[in-house]
Amino acid sequence: MRIKKAESNIVEGDLTPMIDMTFQLIAFFMVLINFTQSEQNERIVLPDSELAKPPETPLEHPITLHLTEEGTVIIGGEEIPITGLGPYLSREANVLRLRGRPLSDATIVIRGHRDAQTGKVQELIRECQRNNFETFALRAEEDVGN
Amino acid sequence: MRVRNVAGNRNDKVEISMTPMIDIVFQLLVFFIMTFRIVAQEGDFNVKMPLSAPAEGLPDPDRLPPMKVRLQAHPSGDLALISLNEQPLGQSFRTLHNQIRDVVGDDRGPGSIQETAEVELDADYHLRYEYVISAITAVSGYLDANRNIVNLVERVRFSPPRTPPN
């Protein structure tokens, strides 16, 4: 039996440009995706500073403390008063000792809410000092408006 | 029925179905779009707060005494007054910056004023923290024409905290 080849009436669009663009968009988002959100907290609105630039080398042993507007501290997902920070800092200190590193290697990164009271920040620093930490970094958001 | 050998027909194309790939690619794209957040860059100001009290005795003659920046607050927590070494400067951090810049000058390198200068921040308890960061920014440096950071005072510390208002 002879079968005639039927002429196709389907008009196929060229998908190549669309796929190219889509891959470029995916590459763009993959490059920009931020995996460091564990260091951030949505409740904390950082103060602005034009000098706040990301460090060229990452901190060796950062311990991030989020100071809320109300004066409580968020560490490891738990919200605690500043006075209750001792056990958490002792645990961090023990981890450092087990690694054979001095406490001076650790940096306490304070992510304080811009409307928090300065006295609370100082109390937080003092509480860390009581646990033998002495290097602090006050985190601010880069102000690109100026 | 006789079936012809189609292998020899060079005009036939083997078309790979693009649909699954496009499905996956669009799902990836939607995932990245939904999880994309524009996050501003963050940076740190280093503050050294040693455990021990400052050494007693005669101060080092090569070292400037710390410049004391006093930040007074209104009851609302807003900034009321900036003072540098007990000299009132109003509410302008720009004035504070200019004063610090005059002291530090353009000398850089080992033994320079810029290397040894120190600022002690003394702020009211209820002052909003953003003013402290503004003060640290004013004394720490500035951006030049190429937006590179020029450092002024690198040693910043806090004085003991004041008592909270009743």
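My aim in this report is to walk through the structure given alongside it, one point at a time. (Residues numbered from 1 in each chain as written. Chains lettered and ligands numbered in written order. Predicted model: local features only at pLDDT ≥ 70, side-chain atom pairs only at ≥ 80, totals over all residues. Heavy atoms only, no water.)

### A closer look at the overall build of chain A
In terms of regular secondary structure, chain A is built from 3 helices and 6 strands. Tracing chain A from N to C terminus, the helices and strands come up as α-β-β-β-β-α-β-α-β. Here chain A holds 146 residues, and the buried ones make up 41% of them. For chain A, contacts bridging at least 24 residues in sequence account for 77% of all contacts bridging at least 6. Carbon and sulfur atoms form 52% of the exposed surface of chain A, whose accessible area is close to 8,700 Å². (Helix = DSSP H or I, 4+ residues; strand = E, 2+ residues; numbered from the N terminus. Buried < 20%, exposed > 50% of the residue type's maximum accessible area, 1.4 Å probe, protein only. Contact = heavy atoms within 4.5 Å. Areas by Shrake-Rupley, 256 points an atom, 1.4 Å probe, with all protein chains shown as cover.)

### Considerations on the side chain of Asp-124 of chain B
Summarising the element assignment, Asp-124 of chain B is placed in the loop between strand S5 (118-123) and helix H4 (129-140). Accessibility expressed as a relative area gives 12% for Asp-124 of chain B, which makes it buried. In contact with Asp-124 of chain B, not counting residues within four places along its chain, are Thr-118 of chain A together with Arg-70, Leu-71, Gln-72, Ala-73 and Arg-162 of chain B.

### Observations regarding the sheet that holds strand S2 (residues 67-73) of chain B
Residue and element names in this part refer to chain B. Taken in spatial order, the 5 strands of this open sheet run S4-S3-S2-S5-S8, and their pairing is mixed. With partners counted over all chains shown, the strands left at the sheet margins are strand S4 (87-90) and strand S8 (155-158), one partner each. For this sheet the average axis-to-axis angle between neighbouring strands, irrespective of direction, equals 25°. Sheet topology note: the S5/S8 ladder contains 4 bridges and is parallel. If you follow Val-119 over to S8, its bridge partner there is Val-156. H4 contacts S2, strand S3 (79-84), S5 and S8 of the sheet and is inclined by roughly 160° relative to S5. (Pairing = 2+ DSSP bridges. Axes fitted to C-alpha atoms, helices over the stretch in contact; angles between N-to-C directions.)

### Comments concerning the pattern of salt bridges
Opposite charge on two side chains permits pairing when their charged atoms draw close. Scanning all chains against the criterion turns up 17 salt bridges over all chains. Taking the shortest distance from any N to any O, the salt bridge between Asp-48 of chain A and Arg-114 of chain A comes out at 3.4 Å. Residue Asp-48 of chain A is located in strand S1 (residues 48-49), and its partner Arg-114 of chain A is located in the loop between strand S5 (106-112) and helix H3 (118-130); the two are separated by 66 residues in the primary sequence. Judged by its relative accessible area of 32%, Asp-48 of chain A falls in the partly exposed class. Arg-128 of chain B is the salt-bridge partner of Glu-130 of chain B, the closest N and O atoms lying 2.6 Å from each other. Shared partners join several salt bridges into a network, and the residues in it are Arg-111 and Arg-139 of chain A together with Glu-42 and Asp-44 of chain B. (Salt bridge = Lys/Arg side-chain N within 4 Å of Asp/Glu carboxyl O.)

### Description of the pairing of S5 of chain A
Within a regular beta strand, the side chains point alternately toward one face of the sheet and then the other, so they alternate between its two faces. Residue and element names in this part refer to chain A. Most of S5 sits out of view: 7 of its 7 residues are buried. Burial of S5 is two-sided: the residues Ala-106, Ile-108, Ile-110 and Gly-112 facing one way and the residues Thr-107, Val-109 and Arg-111 facing the other way are all buried. As defined by bridge partners, strand S2 (residues 61-67) adjoins S5 across 7 bridges and the pair is classed as parallel. Paired with His-61 across the strands is Ala-106, a residue of S5. Pairing of S5 with strand S6 (residues 135-142), which is carried by 3 bridges, proceeds in the parallel orientation.

### Considerations on helix H2 (residues 86-98) of chain A
Residues spaced three or four apart along an α-helix point in a common direction, a consequence of the helix completing one turn every 3.6 residues. All names here are of chain A. Between its terminal C-alpha atoms H2 stretches 18 Å, which fits the 18 Å expected from 13 residues at 1.5 Å a residue. By the burial criterion, the buried members of H2 are Gly-86, Tyr-88, Leu-89, Ala-93 and Leu-96. All buried residues of H2 project into a common sector of 165° when viewed along the axis, lining one side. Along H2, the residues that are exposed and aim more than 90 degrees away from the buried face are Pro-87, Arg-91 and Leu-98. Phi turns positive one or two residues past the end of H2, at Gly-100, with a value near 75°. (Expected span 1.5 Å × (residues − 1). Arc of directions from axis to C-beta.)

### Observations concerning the packing of aromatic side chains
Inspection of every chain in the model, using the stated rule, returns 4 aromatic pairs over all chains. Plain terms: the ring middles of Phe-28 of chain A and Phe-36 of chain B are 6.4 Å apart, the flat faces sit at 45° to each other, and that makes the pair tilted. One end of the pair, Phe-28 of chain A, is in helix H1 (residues 16-32); the other, Phe-36 of chain B, is in the loop between helix H1 (19-35) and strand S1 (42-48), on a second chain. Plain terms: the ring middles of Phe-31 of chain B and Phe-32 of chain B are 5.3 Å apart, the flat faces sit at 65° to each other, and that makes the pair edge-to-face. One aromatic cluster in this structure is built from Phe-28 and Phe-29 of chain A together with Phe-36 of chain B. Across from the ring centre of Tyr-142 of chain B, 3.7 Å away, lies the NZ or CZ of Arg-101 of chain B, which sits over that ring. (Phe/Tyr/Trp six-rings, centres within 6.5 Å; stacked < 30°, edge-to-face > 60°. Lys NZ or Arg CZ within 6 Å of the ring centre and 35° of its normal.)

### Focus: the interface of chain A and chain B
Taken together, the contact between chain A and chain B spans 58 residues of the former and 49 residues of the latter. Of the roughly 4,900 Å² buried at the junction of chain A and chain B (both faces included), carbon and sulfur atoms supply 62%. Taken together, the connections running from chain A to chain B amount to 4 salt bridges. A salt bridge links Arg-139 of chain A to Asp-44 of chain B, with the shortest nitrogen-to-oxygen separation between them at 2.7 Å. Summed over the shared surface of chain A and chain B, the number is 14 residue pairs in polar contact (both at pLDDT 80 or more). Looking at the side of chain A that touches chain B, the elements that each hand over two or more residues are H1, S1, S5, H3 and S6 of chain A. Tallied by class, residues from the side of chain A that touches chain B come to 27 nonpolar, 15 polar and 16 charged. Bridge analysis of S6 of chain A against S1 of chain B gives 7 bridges, and the strand direction is antiparallel. Residue pairing in the sheet places Ala-137 of chain A in a bridge with Asn-46 of chain B of S1 of chain B. (Buried area = accessible area lost by both parts, 1.4 Å probe. Polar contact = N/O pair within 3.5 Å; in protein donor to acceptor, adjacent residues only side chain to side chain. Nonpolar A, V, L, I, M, F, W, Y, C, P; charged D, E, K, R; others polar.)

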